[in-house]
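The chain contents come next:
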Amino acid sequence: MTDGGGLRLTGLVKAYGPVRAVEGVDLDVPAGELVTVVGPSGSGKSTMLRLIAGLERPDAGMVAVGGQDLRDVPPHRRSVAMVFQDYALYPHLTVRENIMFGLRVRKVPKGEARRQAGAAAERLGIADLLDRYPDQASGGQRQRVALARALVRSPAVYLLDEPLVSLDAQLRLSTRADLLALHRQIGSTTLHVTHDQAEAMTMGDRVVVMDAGRIRQAGPPQEVYDAPADTFVAGFLGSPPMNLVPGGGVLGGAAGGTVGVRPEDLALDPAGPIEATVDAVETLGSEAVLLTRCPDGLRLAVRTPPRLSLRPGDTVRLRFDPDRLHRFDAAGRRV
Amino acid sequence: MTDGGGLRLTGLVKAYGPVRAVEGVDLDVPAGELVTVVGPSGSGKSTMLRLIAGLERPDAGMVAVGGQDLRDVPPHRRSVAMVFQDYALYPHLTVRENIMFGLRVRKVPKGEARRQAGAAAERLGIADLLDRYPDQASGGQRQRVALARALVRSPAVYLLDEPLVSLDAQLRLSTRADLLALHRQIGSTTLHVTHDQAEAMTMGDRVVVMDAGRIRQAGPPQEVYDAPADTFVAGFLGSPPMNLVPGGGVLGGAAGGTVGVRPEDLALDPAGPIEATVDAVETLGSEAVLLTRCPDGLRLAVRTPPRLSLRPGDTVRLRFDPDRLHRFDAAGRRV
Amino acid sequence: ACGSEPGNGDGRSDGADREITVTLFGDAEEVAGYTSLVEAFEASSDVGVTLSPVATQDDLMARLTTAFAGGAPPDVFLLNFRRYGQFAAQDVIEPVQDYLDDSEVLGEDDFSPRALDAFRFDGEELTCMPQNLSSLVVYYNRDLFEAAGLEPPAQGWTWNDFLAAATALTGGGTYGAGVEPSVIRVAPFAWSNGGDVVDDPDEPTIFTLTTDPATRQAVDWFLDLQLVHGVVPPDAEEQSESSEARFLRGTLGMYLNSRVAVPTLRSIEGFEWDVAPLPVAPGGEPASILHSDAYCMSAGLDDHAAAWDFIEFAMGVEGQTILAASGRTVPSRLDVASSDVFLEPAEPPASSQVYLDIEPYLRATPRIATWSRIEAEANDLLAEVFYGRVDREEGLRRLEDELRPLFQQPAVGS
Amino acid sequence: MSRVAGRFVLPALVAALFAAPLWFMLTGSLRPAGLPPPRTLELWPPEATLDAYRRLPELMPLFRYLANSAMVAAVAVPLTVLTAALTGFGVRLLPPSARRKAVVALVVVLLVPVTAVWATRFEVFRLAGVTDTIVPLLAPALLAVSPFLVLLYAWSFGGVPDSQLQSARLEGAGWLTVWRRVALPQVRPATLAVAVLAFTFHWANFIDPLLYLHSGDRYTFPLALRFLLLLNPTDWPLLMAGCVIATLPCVVVFLLAQRVLLSDDPLAALRRGRP
Amino acid sequence: MTRAKGERSLSGWAFLAPYAVAVVLLIAVPALLNVGYAFTDHTGLTRDPQFVGLDNVRRLADDAFLADSLEASLFHVALSVPLRLLAAVGLGLLLAAPRPGGRWFRTAVYLPTVVPDVALAVLFLWVLNPLYGPLNQLLGLFGHPGYTWLSDPTTARVGVVLMLLFPIGEGFVVVLAARRLLDGRLYEAAALEGCGPFGQLRRITLPLLAPVLVLLAVRDTILTLQVNFVPAYVLTDGRPANATLYLPVYIFDQAFEFSGFAYAALITILLMLITAAIIAVQLLAVRRWRVLR
Ligand SMILES: Nc1ncnc2c1ncn2[C@@H]1O[C@H](COP(=O)(O)OP(=O)(O)OP(=O)(O)O)[C@@H](O)[C@H]1O
Ligand SMILES: Nc1ncnc2c1ncn2[C@@H]1O[C@H](COP(=O)(O)OP(=O)(O)OP(=O)(O)O)[C@@H](O)[C@H]1O
Ligand SMILES: [Mg+2]
Ligand SMILES: [Mg+2]
């Protein structure tokens, strides 16, 4: 299959009128790497993908694939496949024809195209839908068709815009595994936008955290989780997110800065230094999250095992591991 | 505010041609309760909501709100607010007008309607979008508009069809909290469809698990998690889901039946009775999931703390807590 | 069919070959007559003819204007006398006088002088060759006349005879006479009574329907047929069933029209009918109005020889005979008109001599450039009066006043 | 029961009213010649006869005219659809501000009265050397008959989401391919509507052949109908027969299209029609 | 030029190019020629028109027929456009809902549209026939004596409007298609917010159809003022008393019948200005619907 070549974004900027959707993005993705992109809604993730695909012209900056500047290459000549957030299936074609479309356009013989479409559908578990039309499939099924359509091709770059949102948890898990296997097999450079913490943490070689059109941090998932570059990243990754204490407070002073501790790094301990009242208990089956409040009004989330017999209003004491504290300066940057 | 009155579904049936979307649903929701509804894609969740709203006529069965049979009440006379899976925003109206729509229809004076719309938008963090049109907002922003539109009203029943899917994790968390607060304040009976395990477990007074048009189990979330009524529910709730071992195998025999154990009830223990090889390690930041395989081919997922130095191919030994095993008979029902 | 014919489009401009276009108007049957004429001509000549027929004179005008304005006028076109002034005034017609003078086939005295005179714009030079010579006559239902005990109309009968007959025939769903209210139907009555419809036939400036007492008398007599005596079908009846249809059905005693009605009337099977001259004013003299169409050649083309060849043939004995056979026209060639082809065909009317007898008394409406417009507007107003939609005095006054400016319209194309 | 009235009785009355002209045209053509006009509402003539249709070809070369018309329609209708569809797609592709300008420009073109161009167009045709050929009759097709049809297409294409067009681009399709394989198939009801409107226009086109055709043997049927109208203004059956023949092809074309065009769900109807 | 237009909009213009060429050759050039002729003494028959400045414009002022013609056209537009639009939209919305046999109801409504102009006019000559016509016979059923439709200026104009109420199929089909394109989900959402059928019509259907409706209104105005005259021409030919001497009829007569080519060109410009003015008024009236957005 293709070896693709790496993807390099340099100083990408794109504004829609007054809305600055992407504001100077630099990113270097080595060939064959899978990068997950996370960020709040409206942070410019989709826009970045559209710039890479050539569907929008950047106001400034450059997109290069395999070292080649793509400025004047129209979308249909870029070797890029994209799964759209809204699927973008062709309603007048059957599922099979939808999957075959890109191959037929590229003059792959009909029989061969049919075979490949069949194989891709098989792999994604939609083989029995092949002769239906998209509007006769459920949301999750449609998403898999969109995925299959991208997978039959072997482009240099895959752009996946939240390809799994409409799937239920089980299906999501298995499709995620399929995607990873496929990526390993084809080896195309891949950008995968997701809202799902688990996907962000598990799928990519690296995770890119975006906010307000800029990249806040990029790196291996566990590294980003363990050493968030700033308070935004610290607050964004992890569920529930890191407890951030401006000034340090009960976690120990940090004049002008902020100190953070992840909920799993807090533990119930009758001898702990922190006293807090329980506001709520969120039981998640395999674990529970205590939402507590210190006497000074500070709120702390604590991850605990399930089936504790705590009730809102109870008083608890908490301990923290000083090694696991995160310190940020006044500008929010990690120190 | 409304006190609403409870919702009662009796023997609801709805088929689309050969597809039996809802096949006999009985459900009783006391006034003011919040029920989450989960189930695989295509299990009839949306259809059930549409039947309650009066958008579809049931083939059989009855919907009653506050004791009143709604059979001949058209949708616009039912006191029901719904958030649609695909938002259903009015493209010709600005975000503000979208939110105001229901109020204006009900003859709320313009100024008052504007004020309320502004307040709802503020609360959901879309106040700066108020004068844009829906097609100028990102996916997550649109979903919040749809939510705001429902929230400005005070109907007897809220029907929320996956109202949070397009939101990023943070926003989801805060919106979830907002929803809960609002629910407490307004006290409308609420049905909340979701694919999200955390939402299902934390938000509702009760959780309803649907499959193939039927309700498999309904009850308080932790109770359903701890004592799933059948293998379907056991496999559906929890992420990763319960390990189900037909015949019992390494977990101890159960002739004809199935034995299950949750990943968090398995632990690494050099002295454990089960030997397995590591297939993959999925690090989730606050924890990790080991995907392992026993010599007999059985796959077991194990929830562990993060930062273990295991690699695929390593051999580990596992222990389980016999009290936490779930036993099911041949028909899949809990024994 | 069109696309597969090679080399169409600009055949004529090649110069060397002899191809002409002939544009004319007529209904389906007339066109069939012209087609035979063209076929006969092509058989006897090396000139090829593209026959370009249209249905109505309005359509003809649209096509001619487009073609002239676009710089590709037809070689020959057929023009009714009443539209002629418009073309002649703008010098777009190649006068035929010289060609006729040089012709070895045609002579000026072969034709009805009245018809020729109508196409001398300046009164001297002949510009077009009139091919026919129709006139307003009375068609009558012989059977109805007999049933009412009336004598058939005779040469020299008067208005009073006409009115008496019409009155006698009216009743029981039958009307005595049918005539359309228009200038060309009223004019012959005015002339017969010694008046005229305009102040000066050569340079008219106004209608004289009310100012000339003799004309006024004729107009009143004409209007009274409908308004006072009720011998002409009233408005609603006329709109519901035209006079021609009524005559065909045998419920109209007399029908005033030109020769053009004959082919249709020949489809009558249920009764006998014939033609009679117009009644004469008491103390007046016979008069009728000329209906004539002429072949004209477009000015400004390089070569008119082929076009003249065609006109020569069409106006010759053979050509005129072919058209006369259709029954629709009174040939302008007097020798053909007085031959058996015209006078004694196997079919009615028996008294076709009537058309020829009136020839010396034929008159024409003015030839000014704006005449066709004036006439169209006048007909509209006249109809209003005739059917009593407006008061007679007021309507006639309006007719004179409102149309006065049209006579003064800038002389077009001067 | 008022439900039934609203759903069926009212529509049926409306339908009857609109079908009436065509019905009376048909029955009018079946009346024997020379019969006095009916004095009451007559649903079917007393002695229905096809006589008028037999007389028609005797009076004029009916079939030649029909063949000429058919040939013009066969070329002009596809050309019209092609022009309208391509141009409409162009409008669809423009960014919103440019699109507004294009729409305004099209409305301005729509504003130019036909009377302003009838005679002066002749000059253009003469310079191009195409008078008295089929080309002037095809000219309206090059203009998609009317900018309205272009706007109709542009608006229909608006229903195809941007993401689909872009997705097709990314799969390697050029814009023409996107037009042909993604956009056009999705607006087939619009194509049908345009085709029907174009056929009706070209088939009934009277003024262009009148002004730009000279050879009698190239005439189309609407011109011929005028000759008929003159022939015998009182021969109603004959006239109506002419009208029926003039109308029939349009009706047939329309009936073929309405199966999809006017069905409850055009998309489903199209799919059923697939091979 | 990084800020150059996207290749997509370039392609858009490329798709428009052939049409633009056709418009220039077949509409712009002839129309400009026509405008030029308006200030000459061109008669249509001669080929050397002379510039005469504003002579023709002066002639406009005291042309009584033009005044009649204007009145006829304005009356016609004021009555015909709203009625035709109302019929097309009303029927389109009434018949859009799926129902057994719905297709045939729709077909019936469309059918008169395929009848050629001339045939339609001939047909209405009979429909409006004062003694035998179905219309008067119908009125007779209600004890009304009926009208001599084409004799009275007002009834003649009404008769023409009645005739033109039948061929509304194009607008009808467009409304039908547009209505179907609307997302059913929006209606569900509106219903759940308490909107009854009438509210849905007012708040959802009409605003969403607004661009289409305005397009139809604009087009119908143009059609009614400029094109639809053919059946009127055959039916009444300007009669009675110039009551139906619509502007295009007058233009046609001037240009082709009476050698007033230049004058007709001028009235054509006038007609275009009037049409544009009426359309501008319409667009201003519906400004708040944001139809061009
Ligand atoms: N066509 C447009 N016109 C105006 N603003 C736009 C347009 N498209 C996107 N935006 C704005 O640009 C910003 C970035 O949008 P983008 O779609 O890239 O966000 P995203 O990160 O993909 O969000 P989400 O996770 O909600 O899909 C948003 O504020 C959005 O409102
Ligand atoms: N209009 C329809 N016509 C035919 N089948 C339909 C229709 N709507 C729903 N279905 C079918 O009914 C079943 C239940 O659909 P429903 O939308 O209720 O599922 P769901 O539980 O909401 O799924 P998801 O989680 O994917 O939204 C599905 O199999 C679906 O394909
Ligand atoms: Mg996005
Ligand atoms: Mg659903």
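Residues numbered from 1 in each chain as written. Chains lettered and ligands numbered in written order. Predicted model: local features only at pLDDT ≥ 70, side-chain atom pairs only at ≥ 80, totals over all residues. Heavy atoms only, no water.

- With an unreviewed UniProt entry as reference, chain A is termed ABC transporter ATP-binding protein, source organism Jiangella ureilytica.

## Quick word on the interface of chain E and chain D
For step 1, the next point in the chain: Facing 84 residues of chain E, the contacting portion of chain D comprises 94 residues.
For step 2, the next point in the chain: Between chain E and chain D, roughly 8,000 Å² of surface is buried when both sides are summed, and carbon and sulfur atoms account for 78% of that area.
For step 3, the next point in the chain: For the chain E face of the interface with chain D, the top three residues by lost area are Arg8, Phe15 and Tyr19 of chain E, together amounting to 11%.
For step 4, the next point in the chain: Taken together, chain E and chain D are joined by 0 salt bridges.
For step 5, the next point in the chain: Connecting chain E to chain D are 7 residue pairs in polar contact (both at pLDDT 80 or more).
For step 6, the next point in the chain: With 20 residues, the single largest contributor to the side of chain E that touches chain D is helix H1 (residues 7-37) of chain E.
For step 7, the next point in the chain: Counted by class, the side of chain E that touches chain D contains 64 nonpolar, 10 polar and 10 charged residues. (Contact = heavy atoms within 4.5 Å. Buried area = accessible area lost by both parts, 1.4 Å probe. Salt bridge = Lys/Arg side-chain N within 4 Å of Asp/Glu carboxyl O. Polar contact = N/O pair within 3.5 Å; in protein donor to acceptor, adjacent residues only side chain to side chain. Helix = DSSP H or I, 4+ residues; strand = E, 2+ residues; numbered from the N terminus. Nonpolar A, V, L, I, M, F, W, Y, C, P; charged D, E, K, R; others polar.)

## Focus on the nonpolar core
For step 1, the next point in the chain: Among the nonpolar cores identified, the biggest contains 371 residues, and Tyr139, Phe207, Met254, Tyr295 and Phe310 of chain C are the most heavily contacted of them.
For step 2, the next point in the chain: Counting residues in each nonpolar core, the second largest holds 36 residues, with Ala81, Ile99, Ala117 and Leu179 of chain B among its members. (Core = buried A, V, L, I, M, F, W, Y, C linked by side-chain atoms within 4.5 Å. Buried < 20%, exposed > 50% of the residue type's maximum accessible area, 1.4 Å probe, protein only.)

## Remarks on the site of ligand 2
Residues and elements named next belong to chain B.
For step 1, the next point in the chain: Of all residues adjacent to ligand 2, which total 14 residues, the nearest are Ser41, Gly42, Lys45, Ser46 and Thr47.
For step 2, the next point in the chain: Separating an oxygen atom of ligand 2 from a side-chain N or O atom of serine 46 is a distance of 2.6 Å.
For step 3, the next point in the chain: When isolated, ligand 2 has an accessible area of 640 Å², and the protein chains bury 68% of it.
For step 4, the next point in the chain: When contributions to the shell around ligand 2 are tallied by element, the ones reaching two or more residues are strand E2 (19-29) and helix H1 (45-53).
For step 5, the next point in the chain: It is H1 that contributes the most residues to the shell around ligand 2, 3 residues altogether.
For step 6, the next point in the chain: Considering only residue class, the shell around ligand 2 consists of 4 nonpolar, 8 polar and 2 charged. (Near = heavy atom within 4 Å. Areas by Shrake-Rupley, 256 points an atom, 1.4 Å probe, with all protein chains shown as cover.)

## Some points on the environment of glycine 61 of chain A
Residues and elements named next belong to chain A.
For step 1, the next point in the chain: Tracing the backbone shows glycine 61 in strand E4 (residues 60-65).
For step 2, the next point in the chain: For the pair glycine 61 and leucine 9, spaced 52 residues apart in sequence, the C-alpha separation works out to 7.5 Å.
For step 3, the next point in the chain: Non-local contacts of glycine 61, meaning those with residues more than four positions away in its chain, are made with Thr10, Gly11, Leu12 and Arg71.

## Structural notes on the interface of chain D and chain A
For step 1, the next point in the chain: Listed per partner, the contact involves 19 residues of chain D and 26 residues of chain A.
For step 2, the next point in the chain: Between chain D and chain A, roughly 2,100 Å² of surface is buried when both sides are summed, and carbon and sulfur atoms account for 53% of that area.
For step 3, the next point in the chain: Summed over the shared surface of chain D and chain A, the result is 1 salt bridge.
For step 4, the next point in the chain: Taking the shortest distance from any N to any O, the salt bridge between glutamate 171 of chain D and arginine 149 of chain A comes out at 3.4 Å.
For step 5, the next point in the chain: Summed over the shared surface of chain D and chain A, the result is 13 residue pairs in polar contact (both at pLDDT 80 or more).

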